Amino acid sequence: MACTLVLELAGCGRTALESGSARPNAAALDAATALLPEVARDQRSAEVRASKWAGFVLQANYASAGNSIAAGDFDDDGAVDVVVAFWGNGVGNGRASVYRNRGDGTLAPPLTYDTTIEAQSVAVGDFSGDRKLDFVVTNGMEDLDLFVNLGDGSFAPRRLHGPEAVVVMASADFNRDGHPDLAFTTQDRSIDVVFGDVMGRFSPPLTYATGPIALSLAVSDLNRDGRPDLVAANTDFAGTCPPGLCLPSGLTGGGVNVFLNRGDGTFGPGATYSAGNGTAAVAAGDLDGDGAPDVAATNSVDDTLSVFFNAGDGSFGPPATYANAGSGTTALGEPYPPTGGGVAAADFDGDGHVDLAVIRGAQSGRNGSVLVFVNPGDGRFGPPFTSPVTGSPRGFAVADYNRDGLPDLAVVMDDSSLAMLLSTYE
């Protein structure tokens, strides 16, 4: 069964993955990049290994309205597919569209499924216990739509009860019982964790306070005890909209919350670390090569990227800050845009070091783009590669879509399109 990745409108959700690094603990990458197939560097093609990475090239745009995206091999053909969830503009049902990969990174026309009401977030996992990847869609109310894989890449819907006022969602086996669980950030300033069973059912939620509203969620083994931990990107809001009812209008401060797994799927109190202004998205990966996952966070208001280095035990010092590297989609006092900005950690250039990709939303008449910060090996980044897109990206899913051994990007756009950006090399 293939692994998967999730990256939401404001952040990501995924489990740890092997990025091709020669370092054994580089597997603890952020919950913000789709689960990539495990491809060791020495297994990559001689052509890729001997070439210089040159960024991404736009392979195609596909019609696809959506605000949340995830990836996984739904039909077990060895090629990673894509699922996109669409809010539905607040009128009637939302929908989820599954795009099958033809094997070379091109996508077949989608299979589309209605959701109960508006679709807010999507996560992928084998929730029914049959070794086939399913997906779950949640919304701002109290419903979960579980789409069970029928074995051929088509799905049967099942309606479940879930947390209320969900913002984003991530999947991982938090209690290590062999069944995927779910973590949700909510507008009630909390993270809710539910445990899954072999029948595709979920327990009542365990709730952990985050302080400000958490817009993004990442999963990684931060303290290297073999248990998945949680990192949330959160932002204080300036506005009159009551928490729990809707997203308020303005963004002020920001930071990250780190919740360490006690070993049984429950979590200790969150540790809070200050980031930039308007923290929108978070990812985790071993950026400095010491075997401990570090954390990167994008900041919407001051347009910065904050990088926190792990002390080795899941604690972090003050961040390194990079200018002109955040999501760049809003200003203080303006409405929070649907493009909260995404960040993902993966070895994009195939050199064994974990790099960062950052979404740049459209702003002030310019189109959006994807920035890739290539890691020289110590987590200190120089100027990024820039891959322009038409319009403004909402989120992306990272996977090796064309099976050349390097991660690619599926980017959901605000112009109702899905852009496929494939790695290229000279």
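This is a predicted model, so every value here is computed, not measured.

A.B. asks: So what exactly am I meant to see when it comes to the overall build of the chain here?
C.D. replies: Looking only at helices and strands, one finds 1 helix and 29 strands in the chain. For the chain, the proportion of contacts with a sequence separation of at least 24, taken over those separated by at least 6, is 53%. Accessible surface computed for the chain: about 14,200 Å², of which carbon and sulfur atoms make up 51%.

A.B. asks: How should the sheet that holds strand β29 (residues 417-425) be read in this particular structure?
C.D. replies: Each strand in a sheet pairs with another by means of backbone hydrogen bonds, the pair being arranged parallel or else antiparallel. Strands sit in the order β2-β29-β28-β27 across an open sheet of 4 strands; the sheet is antiparallel. With one partner strand each, in any of the chains shown, β2 (53-63) and β27 (393-399) form the two edges of the open sheet. Strand after strand, the sheet turns through a mean of 25° between neighbouring axes, direction not considered.

A.B. asks: Even after reading the chapter, I still don't get the pairing of strand β19 (residues 279-285), so can you show me in this structure?
C.D. replies: One face of the sheet, then the other: side chains in a regular strand alternate in exactly this way. The element β19 is largely enclosed, with a buried count of 7 among its 7 residues. Pairing of β19 with strand β20 (residues 294-299), which is carried by 6 bridges, proceeds in the antiparallel orientation. Residue pairing in the sheet places T279 in a bridge with N299 of β20.

A.B. asks: Explain unusual backbone geometry to me, please; I cannot follow it from the model alone.
C.D. replies: Among all residues save glycine, negative phi is the norm, and among peptide bonds the norm is trans. In the Ramachandran plot, R176 falls in the positive-phi region, its phi being about 60° despite a non-glycine side chain. With respect to the helices, strands and loops of the structure, R176 is situated in the loop between β11 (166-172) and β12 (181-186). Look at R176 and you get partly exposed, because its relative accessible area is 49%.

A.B. asks: Any chance you could explain the packing of aromatic side chains here in plain terms?
C.D. replies: The description of an aromatic ring pair rests on the distance of the ring centres and on the angle between the ring planes. For the coordinates displayed, the defined rule picks out 18 aromatic pairs. When the ring of Y113 is compared with that of F147, the centres are 5.7 Å apart and the planes differ by 55°; the resulting orientation is tilted. Linking Y113 in strand β6 (residues 111-114) with F147 in strand β9 (residues 143-149), this pair joins segments that are 34 residues apart in sequence. Residues Y113 and F147 agree in their burial class; the two are buried. Connected via pairs of aromatic rings, a cluster forms that spans F74, Y113, F135, F147 and F155.

Reading guide: rules and limits
Residues numbered from 1 in each chain as written. Predicted model: local features only at pLDDT ≥ 70, side-chain atom pairs only at ≥ 80, totals over all residues. Heavy atoms only, no water. Helix = DSSP H or I, 4+ residues; strand = E, 2+ residues; numbered from the N terminus. Contact = heavy atoms within 4.5 Å. Areas by Shrake-Rupley, 256 points an atom, 1.4 Å probe, with all protein chains shown as cover. Pairing = 2+ DSSP bridges. Axes fitted to C-alpha atoms, helices over the stretch in contact; angles between N-to-C directions. Buried < 20%, exposed > 50% of the residue type's maximum accessible area, 1.4 Å probe, protein only. Phe/Tyr/Trp six-rings, centres within 6.5 Å; stacked < 30°, edge-to-face > 60°.

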